[in-house]
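Architecture at a glance
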Amino acid sequence: MEFREIAVIGLGYIGLPTAIMFANSGLKVVGYEIRKEVVEKINAGKAHISEPEINTLLNRAIKSGNLRATPNPAEIKGKDAYIICVQTPLKAGGSPDLSYLEDAVDTVAMSMRKGSLVVIESTVPPMTTIRMAERIERIIGMKAGRDFYMVHAPERVMPGRIFKELVYNSRIFGGITPESAELAEELYRAFVRGRVFKTSSTVSEVVKLMENTFRDVNIALANEFAFLAHQYGVNVFEAIELANTHPRVRIHTPGIGVGGHCLPKDPHLLLWPAKEDFGLIKLAREINDSMPLFTKDLLFSALRELNVPPEKAVVAVLGLAYKGNSDDTRNSPALAFVEAIKDDVAEVRTYDPFVGGTAGNIEGALNGADAVVIATDHSVFKEINWGEVGRLMRTRILVDGRHVVERPPRGFLFKGIGRGDL
Ligand code: SAJ
């Protein structure tokens, strides 16, 4: 089938870049987005997410007439393909909230035509794509795999490199039928240069969740190594660097915690439909979620060492984003850390060059402070002249939650996650 006109449902971190790539590859793309303020910004050529190159590429897509956004479902009728990129957050109890996905699938069911290809890019629990195909069958009476095609096509892009990775990363297309996967490859070859692998929709769903669960469990292992390093009096980063000289060892980086919209959530999605599991994946989640409190212990041990009563302490937190050089604070361990200390110290000041904070700059955050805690590995924090800014502080305590500082600056009482050597 020749793909000429498609609709992208949900213009967020993944949907908008994906819609732009298809539009700039020559397809006519209508982006369906329920947030009217987002629709207006996009049609004015202004992206609501920060990603290198996005405004240039968005403007090209809008000016060419190949992309427009709309909140009106009537404008996505009869398309060749529908790409669903909506969020699949967790509910308070840890179970997935698939309501956004179900609403999107219902909208597509009422818009699609015979022969349409429906693609779910969202990260979903295993067996969801099949269930959504059955949902469409019930709504419009067509037969999945015969009258319409359905695929799970997970994304693997890293914020900050989305446009490059959309083109060059390998992709997996999991079809409810082999023909569905073939059609997905034909559609995405409009811009995908990476290798393409085709499989079933359930294998594709499990693969995506395994990728992020693998990462989350390995970060938890690195965090446990850091915990042990404090007891053995070693620098865990030196040990990791040496261990990683082994050709088949790749130990991850310990830190203040695991944030973002993927790793804290995906292990729960992977386990959700399972009747039982061994407990390793859940325990890894608990270890990673405990790291802000581990960092709080480092801070309070430093305050004790210098006889600074916590209730009198002014603490500056540098970094609020969940990862370096990002403005995304979703599930950020830095925010969890601020929450964990704010009722036990006199004052918490925050500064993040990408997010903002209570202080307008580093000096404002550190002036008169007793302690500074690095909670995000923004590159700019690697350039801080601690000799200079230290002079602004009342007491000079530095706690490094993201292995930003290699050598403890003179005149500071330094504590770092995994720095058992100090
Ligand atoms: N982190 C560590 N130690 C590490 C690596 C990361 O503490 O060694 C922390 C980071 O600081 C951050 C969190 O974990 O708080 C997540 O970091 P991340 O680098 O995994 O970033 P994400 O969540 O933006 O991207 C991941 C990526 N998945 C993998 O690398 C397997 C990305 O490719 C996925 O597309 C994305 O999840 C997603 O959308 O699923």
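Residue numbers restart at each chain and count upward from 1, following the sequence in its written direction. In keeping with the predicted nature of the model, local features appear solely for residues at pLDDT of at least 70, side-chain atom pairs appear and are counted solely at 80 or more, and the whole-chain, interface and lining totals rest on all residues. Excluding hydrogens and water, the side-chain values take into account all heavy atoms of the structure.

Let's talk about the overall build of the protein chain
Inclusion rule: Runs of H or I in DSSP of at least four residues are treated as helices and runs of E of at least two as strands, each being numbered from the N terminus. Radius of gyration: C-alpha atoms only; globule rule: 2.2 Å multiplied by the number of residues to the exponent 0.38. Each residue is placed in one exposure class: buried if its accessible area under a 1.4 Å probe, protein chains only, is under 20% of its type's maximum, exposed if it is over 50%, and partly exposed if it falls in between. When checking whether two residues touch, look at their non-hydrogen atoms; a contact exists if any pair is within 4.5 Å.
Looking only at helices and strands, one finds 15 helices and 13 strands in the protein chain. The C-alpha radius of gyration computed for the protein chain amounts to 24 Å, which stays within 12% of the reference 22 Å derived for 422 residues, consistent with globular compactness. In terms of its C-alpha atoms, the protein chain occupies a principal-axis envelope of roughly 75 × 50 × 40 Å. Across the 422 residues of the protein chain, 55% fall into the buried class. Here the analysis covers contacts within the protein chain between residues at least 6 apart in sequence; of these, 73% occur between residues at least 24 apart.

Observations regarding the sheet that holds strand 13 (residues 413-416)
Let me state the cut-off plainly: Being paired, for any two strands, means DSSP has found at least two bridges between them. Helix axes are fitted to C-alpha atoms over the stretch in contact, other axes to C-alpha atoms as well, and angles between N-to-C directions run from 0 to 180 degrees.
Judged by pairing direction, the sheet is parallel, and its five strands sit side by side in the order 10-9-11-12-13 without closing on themselves. With partners counted over all chains shown, the strands left at the sheet margins are strand 10 (347-351) and strand 13, one partner each. In this sheet, adjacent strand axes meet at a mean angle of 15° when their direction is disregarded. Sheet topology places strand 9 (residues 314-318) next to strand 10; five bridges connect them, and they run parallel. Bridge pairing links V314 to E347 in strand 10. Contacting strand 9, strand 10 and strand 11 (371-374), helix 13 (residues 333-341) crosses the sheet at an angle of about 170° to strand 9.

Here we look at the sheet that holds strand 3 (residues 67-70)
Consider a sheet: its strands pair through backbone hydrogen bonds, and that pairing is either parallel or antiparallel. The strand order across the open sheet formed by eight strands is 3-2-1-4-5-6-7-8, and the pairing between neighbours is mixed. At either margin of the open sheet sits one strand with a lone partner, and together these are strand 3 and strand 8 (196-200). Neighbour to neighbour, the strand axes of the sheet diverge by 25° on average, direction disregarded. Looking at chain direction, strand 1 (residues 5-9) and strand 4 (residues 81-84) are connected through four bridges and run parallel. Its bridge partner being in strand 4, I9 is matched across the sheet by I84. Contacts from helix 4 (residues 99-109) reach strand 1, strand 2 (28-32), strand 4 and strand 5 (117-120) within the one sheet, and its direction differs from that of strand 4 by about 170°. Contacting strand 6 (149-152), strand 7 (171-175) and strand 8, helix 8 (residues 201-232) crosses the sheet at an angle of about 120° to strand 8.

Focus on the nonpolar core
The criterion, for reference: Among buried residues, those of type Ala, Val, Leu, Ile, Met, Phe, Trp, Tyr and Cys that are joined through side-chain atoms within 4.5 Å constitute a nonpolar core.
Counting residues in hydrophobic clusters, the biggest one holds 47 residues, and the most contacted among them are L117, L187 and Y188. Those residues in contact with Y188 that sit more than four places away from it in its chain are F22, I83, V119, E121, A153, R171 and F173. Among the nonpolar cores identified, the runner-up in size contains 31 residues, and I240, M291, I341 and L413 belong to it.

Concerning the domain arrangement of the protein chain
Cut-off, in case you're wondering: Where each domain begins and ends is defined by an automated method or by a domain database. The buried area of a pairing is the accessible area, by a 1.4 Å probe, that goes missing from both parts when the two are put together, added over both. A carboxyl oxygen of Asp or Glu within 4 Å of a side-chain nitrogen of Lys or Arg is what we treat as a salt bridge. Polar contact criterion, stated in full: a pair of N or O atoms within 3.5 Å, where within protein one must be able to donate a hydrogen and the other to accept it, and residues adjacent in sequence count only if both atoms are side-chain atoms. As a working rule, the residues Ala, Val, Leu, Ile, Met, Phe, Trp, Tyr, Cys and Pro are called nonpolar, Asp, Glu, Lys and Arg charged, and the rest polar, with Gly in that last group.
Annotation of the protein chain at the domain level lists domain 1 (5-194) and domain 2 (201-422). Measuring from the centre of the C-alpha atoms in domain 1 to the corresponding centre in domain 2 gives 34 Å. Each partner contributes to the interface: domain 1 provides 26 residues, whereas domain 2 provides 23 residues. The contact between domain 1 and domain 2 buries some 2100 Å² in all, and 62% of this surface belongs to carbon and sulfur atoms. The largest share of the area that domain 1 buries against domain 2 comes from Y13, T123 and P126, three residues that together contribute 26% of it. The interface formed by domain 1 and domain 2 holds two salt bridges in total. Inspection of the domain 1/domain 2 interface yields 11 residue pairs in polar contact (both at pLDDT 80 or more). If you list the elements that add at least two residues to the side of domain 1 that touches domain 2, you get helix 5 (128-140) and strand 7. Partitioned by chemical class, the residues of the side of domain 1 that touches domain 2 number 14 nonpolar, 10 polar and two charged.

What about helix 3 (residues 54-63)?
Cut-off, in case you're wondering: Throughout, the arc means that of the directions going from the helix axis to the C-beta atoms.
All of the buried residues in helix 3 are I54, L57, L58, A61 and I62. The arc enclosing the buried residues of helix 3, seen along the axis, measures out at 135°, which places them on a common side. Exposed residues on helix 3 whose side chains face more than 90 degrees from its buried face are T56 and K63. Buried-residue contacts for helix 3 involve helix 1 (15-23), helix 2 (36-43), strand 3 and helix 6 (162-168). The first or second residue beyond helix 3 is G65, which carries a positive phi of 85°.

Focus: the site of the ligand
Filter applied, for reference: Put simply, a residue is near a molecule or strand once any heavy atom of it comes within 4 Å of that molecule or strand. Areas reported here follow the Shrake-Rupley algorithm with a probe of radius 1.4 Å; residue values treat only the protein chains shown as occluding.
The environment of the ligand is made up of 20 residues, and the closest members are V157, K208, N212, R215 and Y322. Take R402: an N or O atom from its side chain is 3.2 Å from an oxygen atom of the ligand. Contact with the protein chains removes 87% of the 770 Å² of surface that the ligand exposes when unbound. Among the residues making up the shell around the ligand, the classes are represented as eight nonpolar, five polar and seven charged. Here the shell around the ligand spans two domains, since at least three of its residues come from each of domain 1 (5-194) and domain 2 (201-422).

A few points about the packing of aromatic side chains
This is how it is decided: A pair of Phe, Tyr and Trp rings is counted when the ring centres sit within 6.5 Å of each other, with Trp represented by its six-membered ring. The angle between the planes then sorts it: under 30 degrees is stacked, over 60 is edge-to-face, the rest tilted. Two conditions define a charge located above a ring, namely a distance within 6 Å from the ring centre to NZ of Lys or CZ of Arg, and an angle within 35 degrees of the ring normal.
Within the structure shown, the criterion is met by six aromatic pairs. Seen in terms of ring centroids, Y188 and F191 are 6.1 Å apart; in terms of plane orientation they differ by 65°. Their pairing is edge-to-face. Accessibility classification places Y188 together with F191 in one group, the buried group. Over the aromatic face of F300 sits the side chain of K296, whose NZ or CZ is 5.4 Å from the ring centroid.

Re the pairing of strand 13
Covered by surrounding structure in strand 13 are L413 and K415 together with F414 and G416, the residues of both alternating faces. As defined by bridge partners, strand 12 (residues 397-400) adjoins strand 13 across four bridges and the pair is classed as parallel. The residue bridging D400 from the neighbouring strand is G416, located in strand 13.

Points about the packing of helix 12 (residues 291-305) against helix 13
To be explicit about the condition: Throughout, the term roughly parallel applies to angles under 35 degrees, roughly antiparallel to angles over 145, roughly perpendicular to angles from 65 to 115, and oblique to all others. Note on convention: the crossing is left-handed when the near helix lies turned anticlockwise from the far helix by less than a right angle, right-handed when the turn is clockwise.
Orientation of helix 12 relative to helix 13, taken along the N-to-C sense of each, is 50°, at an axis distance of 9 Å. With respect to their mutual orientation, helix 12 and helix 13 come out oblique. In terms of crossing hand, the pair formed by helix 12 and helix 13 is right-handed. Seen from helix 12, the contacting residues are P292, L293, T295, K296, L299 and F300; seen from helix 13, they are P333, A336, F337, A340 and I341. Partitioned by chemical class, the residues of the contact of helix 12 with helix 13 number nine nonpolar, one polar and one charged.

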